Amino acid sequence: MALQTAEEIAEQMEESEDILEHDVQVSPAEEMPGDGPVEEESEQLFLPWDRFSAWLHCICVVGFDLELGQAVEVIYPHHSKLTEKEKTSICYLSFPDSNSGCLGDTQFCFRFRQASNIQPSLGCFLDRCDRDAPVCLKRDQGHFYGYVYFRQVRDKSLKRGYFQKSLVLISKLPYVTFFHSLLKLLAPEYFEKQEPCLEAACNDIDRWPTPTPGKILNLPIMGVVMKLRIPTCYDKPGTSQLVQSTPGDSLVSIVLPTIHEVDLFRCFYPVFFHIQMLWELVLLGESLVVMAPSPSDSSDTVLALVSCLSPLRYCSDFRPYFTIHDSEFKEYTTRTQAPPSVILGVTNPFFAKTLQHWPHIIRIGDMKQTGEVAKQMKVKKLKNLKTLDSKPGVYSAYKPFLNKDEDIIKQLQKGVQQKRPSAAQNAILRRYFLELTQSFIIPLERYVASLMPLQKTISPWKSPPQLRPFLQEEFMKTLEKAGPQLTSRLKGDWIGLYRQFLKSPNFDGWFRNRRKEMMQKLEALHLEALCEEDLQLRIQKHTEVETVDLVLKLKDKLTKAENEQLPVRAGTLTKLQTHIESIILSLPEDLQGILHKPATL
């Protein structure tokens, strides 16, 4: 995520317009300038299956064996590697619990820990793609996502009387809407035509362009073409980049307006009187469990909770669908220690007893029954949660820091009564969460920006200056004049909320990311200052040994700047390379030959 000053964020909020009841703010999608040549150069470096690996780790077919139970029947491509522990996780997470009663076709997603540390062959290119992606769309370094299309239909020819099978896409990418759309095309074809269909689909995917943020991508699959755009960290928060049809789109069958957003209003509808409290619980990294009737309801609700912090990244663990067979089951359900900072989505009634000691439980009813206006419900006491059949609601003893925002509740209720389109309700709620999060984060952005040293303290011949440390009490004092009251009408104990947030994994992850960005900015400014110096004049006062030492240090700086993609001004690295070349040419020929040799690993 690009480093933004508090003033820039505040300006974005001032510029953002209110959403009309029937409208969603959009802007035409544009390709990011300068991306083209990079893509073309990289295309030549791709090996077979590299493009496939940029999107998916593998495709699995999970079936039910009377003797073995759930088992991975097929993995495509065949060379894909999964550990036995990963296969076991995929087996159990790819089927709904038996109590869910999912007849027909069901789609949901899960997330599980990566047991191995296999690096893709095009890792550097993917790092560059990740750099331009919003924080919520970066590759998950320690986990895999599983996107499931499960089919259960009666079949008298089978001993169990049912055909049960799941087609599962395993990926590091959190593109939930995109992968579910892909499965809707792929799974029905697979269930009809079996394995040849998977082989053809894998070959199609291996011809796709890489998932580069900011580019409009046309992806051919199974005889149709999907058109989409992956957002970038430079997009204005709160806008959706509309992918527009063009005259040359005669082959495009599906245009995806989003690749990752779930329908927030549909997910929060059963508990929308408590959305502000839920936002606080997620912000503070509290232990949360979502009890739902089906894996699709469970996974959608968990993903909605995680996304309500956007553009802030949720840094704790979350499991959209969690089962009693999960390898972390004992770790997450033990009563010998406090529940961990994690959001779990479950469907098995057994969890109502196992997780009774958890502090916050959300019970979701059947999401299909959203025709009536939700009745206002008080937050229930945990002791009232006996089974998964308990009434929908939030069971918690938590007391929110902020006063309840009645306006958003009235606005959403009015929308239900007037049958406002679901997309508009979803947009209103997404904008509400965005503005709430931005109001909270602006004071932190402003304070952290003040920790940067002044540019005049940067000397090309000294190490870059250090950032000032984050001092909690110093930050708290800034809230009196520059707190969230400048951008939010909400009253309450903001100070208490900040104090609790500073102890949370979300603050730790956010500050680590900000600190890294600011350190890189200091390195970039130091490099730019160095390039402005007359290095030829400088080396006239140096011995040969000192000059060689300077060349080696400059080469290290150049390599580091290229590898870390430091945010330097255009032309800086070329200028530095020219400086290095001119200094080498001023040395004796024997030294020139040595310094021109590429570094050996």
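Note: the structure precedes this text.
No experiment lies behind these values; they were computed from the predicted model shown. (Residues numbered from 1 in each chain as written. Predicted model: local features only at pLDDT ≥ 70, side-chain atom pairs only at ≥ 80, totals over all residues. Heavy atoms only, no water.)

So, about the nonpolar core. The nonpolar side chains of a soluble globular protein tend to be buried, and buried together. Of all hydrophobic cores here, the largest spans 110 residues; its most connected members are W55, F178 and L444. Sort the elements by how many residues they give to this core and helix α14 (residues 422-449) lands first, with 10 residues. With 20 residues, the next largest nonpolar core counts L530, L535, L550 and L576 among its residues. (Core = buried A, V, L, I, M, F, W, Y, C linked by side-chain atoms within 4.5 Å. Buried < 20%, exposed > 50% of the residue type's maximum accessible area, 1.4 Å probe, protein only. Helix = DSSP H or I, 4+ residues; strand = E, 2+ residues; numbered from the N terminus.)

The next subject is the sheet that holds strand β6 (residues 162-171). Read from one edge to the other, the open sheet built from 5 strands follows the order β3-β2-β6-β5-β4, with strand pairing classed as antiparallel. Both edges of this open sheet fall to β3 (69-76) and β4 (104-113), since each of them pairs with a single strand only. Pairs of neighbouring strands in the sheet enclose a mean axial angle of 25°, with direction left out of account. Pairing between strand β2 (residues 58-65) and β3: 7 bridges, direction antiparallel. Following the sheet pairing, V62 is matched in β3 by V72. (Pairing = 2+ DSSP bridges. Axes fitted to C-alpha atoms, helices over the stretch in contact; angles between N-to-C directions.)

The next thing to look at is the packing of aromatic side chains. Within this structure, the stated rule accounts for 41 aromatic pairs. With 5.6 Å between their ring centres and 55° between their planes, Y447 and F475 make a pair best called tilted. Placement of the pair is Y447 in helix α14 and F475 in helix α15 (residues 472-482), with a sequence separation of 28 residues. One aromatic cluster in this structure is built from W279, F440, Y447, F470, F475, Y498, F501, F507, W510 and F511. Residue placement shows R111 over the ring face of F318; its charged tip is 4.1 Å from the ring centre. Here the guanidinium or amino end of K172 rests over the ring plane of F144, the centre of that ring lying 4.8 Å away. (Phe/Tyr/Trp six-rings, centres within 6.5 Å; stacked < 30°, edge-to-face > 60°. Lys NZ or Arg CZ within 6 Å of the ring centre and 35° of its normal.)

Moving on to the packing of α15 against helix α16 (residues 494-501). Axis separation between α15 and α16 bottoms out at 11 Å; the angle between their running directions is 155°. Accordingly, the angle class assigned to the pair α15 and α16 is roughly antiparallel. Seen along the crossing, α15 lies across α16 with a hand that is right-handed. Of α16, the residues touching α15 (which contributes Q472, E473, F475, M476 and L479) are I495, Y498 and R499. Split by residue class, the contact of α15 with α16 holds 5 nonpolar, 1 polar and 2 charged. (Parallel < 35°, antiparallel > 145°, perpendicular 65-115°, else oblique. Left-handed = near helix turned anticlockwise from the far one by under 90°. Contact = heavy atoms within 4.5 Å. Nonpolar A, V, L, I, M, F, W, Y, C, P; charged D, E, K, R; others polar.)

A separate point is the pairing of strand β8 (residues 224-229). Where burial is concerned, most of β8 is hidden: 5 out of the 6 residues are buried. Relative to β8, strand β7 (residues 216-221) runs antiparallel, the two being bridged by 6 bridges. Paired with P220 across the two strands is V225, which belongs to β8. Hairpin geometry of β7 and β8 is characterised by an intervening segment of 2 residues between the two adjacent antiparallel strands and by a positive phi of about 55° at M222.

In this section: the sheet that holds strand β15 (residues 393-396). Taken in spatial order, the 5 strands make up an open sheet running β12-β13-β11-β14-β15, and their pairing is mixed. Both outer strands of the open sheet, β12 (317-319) and β15, are each paired with one neighbouring strand and no more. On average, each strand axis in the sheet is inclined to that of its neighbour by 15°, with strand direction left out of account. Taken together, the 4 bridges between strand β11 (residues 288-291) and strand β14 (residues 360-363) define a ladder with parallel strand orientation. Following the sheet pairing, V289 is matched in β14 by I361. In the packing of helix α10 (residues 295-307) onto the sheet, the strands contacted are β11, β12, β13 (342-346) and β14, and the crossing angle to β13 comes to about 160°.

One can find F440 in helix α14. The spatial distance from the C-alpha of F440 to the C-alpha of G483 is 8.2 Å, given a sequence separation of 43 residues. With sequence-adjacent residues up to four places away left out, F440 is seen in contact with W279, L283, W494, L497, Y498 and F501.

Attention now goes to the side chain of D235. Within the fold, D235 resides in the loop between β8 and β9 (240-242). Engagement of the side chain of D235 in a polar contact is seen with the side chain of R229, the distance being 3.0 Å. A distance of 3.0 Å separates a polar side-chain atom of D235 from the backbone nitrogen of T232. (Polar contact = N/O pair within 3.5 Å; in protein donor to acceptor, adjacent residues only side chain to side chain.)

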